[in-house]
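Analysis of the macromolecular model
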Amino acid sequence: QMAERRRGLAGRILRGLRLAGLAWAALTLLTGVAFRWIDPPFTTFMLTDRIGALFSREKDYDFSHDWVDWDRISKYAAVAVIAAEDQTFPHHRGFDFKQIDKAFADRERGRRVRGASTISQQVAKNIFLWRGQSWFRKGLEAGITVLIETCWSKQRILEVYLNIAEFGRGTYGVQAASRRYFHKDAAKLTRSEAALLAAVLPAPTRFKVSAPSTYVRKRQAWIQRQMYALGGTSYLAELR
């Protein structure tokens, strides 16, 4: 009798987990489609950071996020993040398989694994998922990336990314970063300032816009060269 109760309880738990999974999938699908037109009010990364800072009583934590539409963002900023993070962004369908192959090759050789996530993948995980690495989370990320690439335009994906990317502890979005570090709106960012913001994206809590290290300055200069090589702001005409 005890065994039957345990089996019954296990069955109820499994049914509950399946229902929860289906509910999450339906909610993700609906919001993923809706965000084609509606600006995401927050992301899971923002939410977890704010909750973490609250529970750890982080006194110097200062959250800042201010959404701005595409037409109010410097085109230098748009080109800078493409140059820094995903130079094939206008042409792929959510995944850069060449970079993925390189990442696997580096892992097999025992080298430091380079980032292979596209801008589309970063949007997917920032809005809907959580920090960390696991095959389960990567699978969810891949599915959401396909949804975003199917429903959104490339310009919309880039607009959302520029508004949710973290540019420093508690500083989310290019408008908040521009205000905090350069005391101006995102529309007025120069090529050099945009490249500096993009330079910290791999590790925005370790690299500092306000106090750039030698490495960050070198990366800033490299990004500016890449922006020029891509064709500058004219490269944005390739977005679909």
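Residues numbered from 1 in each chain as written. Predicted model: local features only at pLDDT ≥ 70, side-chain atom pairs only at ≥ 80, totals over all residues. Heavy atoms only, no water.

**Describing the sheet that holds strand β2 (residues 166-168)**
Heads up, the condition is: Note: two strands are recorded as paired if DSSP finds a minimum of 2 bridges between them. The numbering of helices and of strands both runs from the N terminus, where a helix is a DSSP run of H or I of at least 4 residues and a strand a run of E of at least 2.
The 3 strands lie next to each other as β1-β3-β2, forming an open sheet whose pairing is mixed. Where the open sheet ends on each side, the last strands, each with one partner, are β1 (64-65) and β2. In terms of strand pairing, β2 meets strand β3 (residues 171-172) through 2 bridges, oriented antiparallel. Each bridged residue has a counterpart across the sheet, and for Gly168 the counterpart in β3 is Thr171.

**Observations regarding the side chain of Glu166**
In plain terms, the rule: Pairs of N or O atoms within 3.5 Å make up the polar contacts considered here, provided that, within protein, one atom can donate a hydrogen while the other can accept it, and that residues adjacent in sequence are counted only when both atoms are side-chain atoms. Residues are treated as being in contact if the distance between any of their heavy atoms lies within 4.5 Å.
Looking at the element boundaries, Glu166 is found in strand β2. There is a polar contact of 3.5 Å between the side chain of Glu166 and the side chain of Arg131. Here Glu166 is in contact with Asp49, Arg131, Thr171, Tyr172, Leu201, Pro204 and Thr205, once residues within four sequence places are set aside.

**Side note on the environment of Gly94**
Going by this rule: Throughout, exposure labels follow a simple rule: accessible area from a 1.4 Å probe, protein chains only, divided by the maximum for the residue type, with under 20% read as buried, over 50% as exposed, and the rest as partly exposed.
Within the element layout of this structure, Gly94 appears in the loop between α3 (75-85) and α4 (97-108). In this structure Gly94 comes out as buried when scored by relative accessible area, which is 0%. Once the C-alpha coordinates of Gly94 and Thr145 are considered, the two residues, 51 residues apart in sequence, prove to be 6.1 Å apart. With near-sequence residues (within four places) excluded, Gly94 lies in contact with Thr118, Ser120, Gln121, Thr145, Glu149 and Lys154.

**What about the packing of aromatic side chains?**
Heads up, the rule is: Centres within 6.5 Å make a pair out of two Phe, Tyr or Trp rings, where for Trp the six-membered ring is used; the pair is then stacked when the planes are under 30 degrees apart, edge-to-face when over 60, and tilted otherwise. Distance and angle both matter: a charge sits over a ring if NZ of Lys or CZ of Arg is within 6 Å of the ring centre and within 35 degrees of the ring normal.
Here the structure, examined in full by the defined rule, presents 4 aromatic pairs. Ring geometry for Phe63 and Tyr172: centres 5.9 Å apart, planes at 40°, overall tilted. Taken together, the positions of Phe63 in the loop between α2 (44-55) and β1 and Tyr172 in strand β3 put the pair 109 residues apart, joining distant regions of the chain. Since its relative accessible area comes to 0%, Tyr172 is described here as buried. In this structure, Arg50 is placed above the aromatic ring of Phe63, and the distance from its NZ or CZ to the ring centre is 4.2 Å.

**Thoughts on α2**
Heads up, the condition is: Helix span is expected to be 1.5 Å times the residue number reduced by one. Regarding the arc, it is the one traced by the directions from the helix axis to the C-beta atoms.
Its 12 residues place the ends of α2 16 Å apart at the C-alpha level, agreeing with the 16 Å of an ideal helix rising 1.5 Å per residue. For α2, every residue scored as buried is listed here: Phe45, Met46, Asp49 and Ala53. Angularly, the buried residues of α2 cover 100° about the axis, an arc narrow enough to put them on a single face. Seen from the buried face of α2, the exposed residues on the opposite side, beyond 90 degrees, are Leu54 and Phe55. At its buried positions, α2 is contacted by β1, α5 (119-128), α7 (154-164), β2 and β3.

**Brief notes about unusual backbone geometry**
Even without being glycine, Arg57 reaches a positive phi, approximately 55°. The residue Arg57 is located in the loop between α2 and β1 in this model. Looking at Arg57, the relative accessible area reads 72%, which means it is exposed. One non-glycine residue, His183, lies in positive phi territory at about 55°. As for its position among the elements, His183 is in the loop between α8 (174-182) and α9 (191-199).

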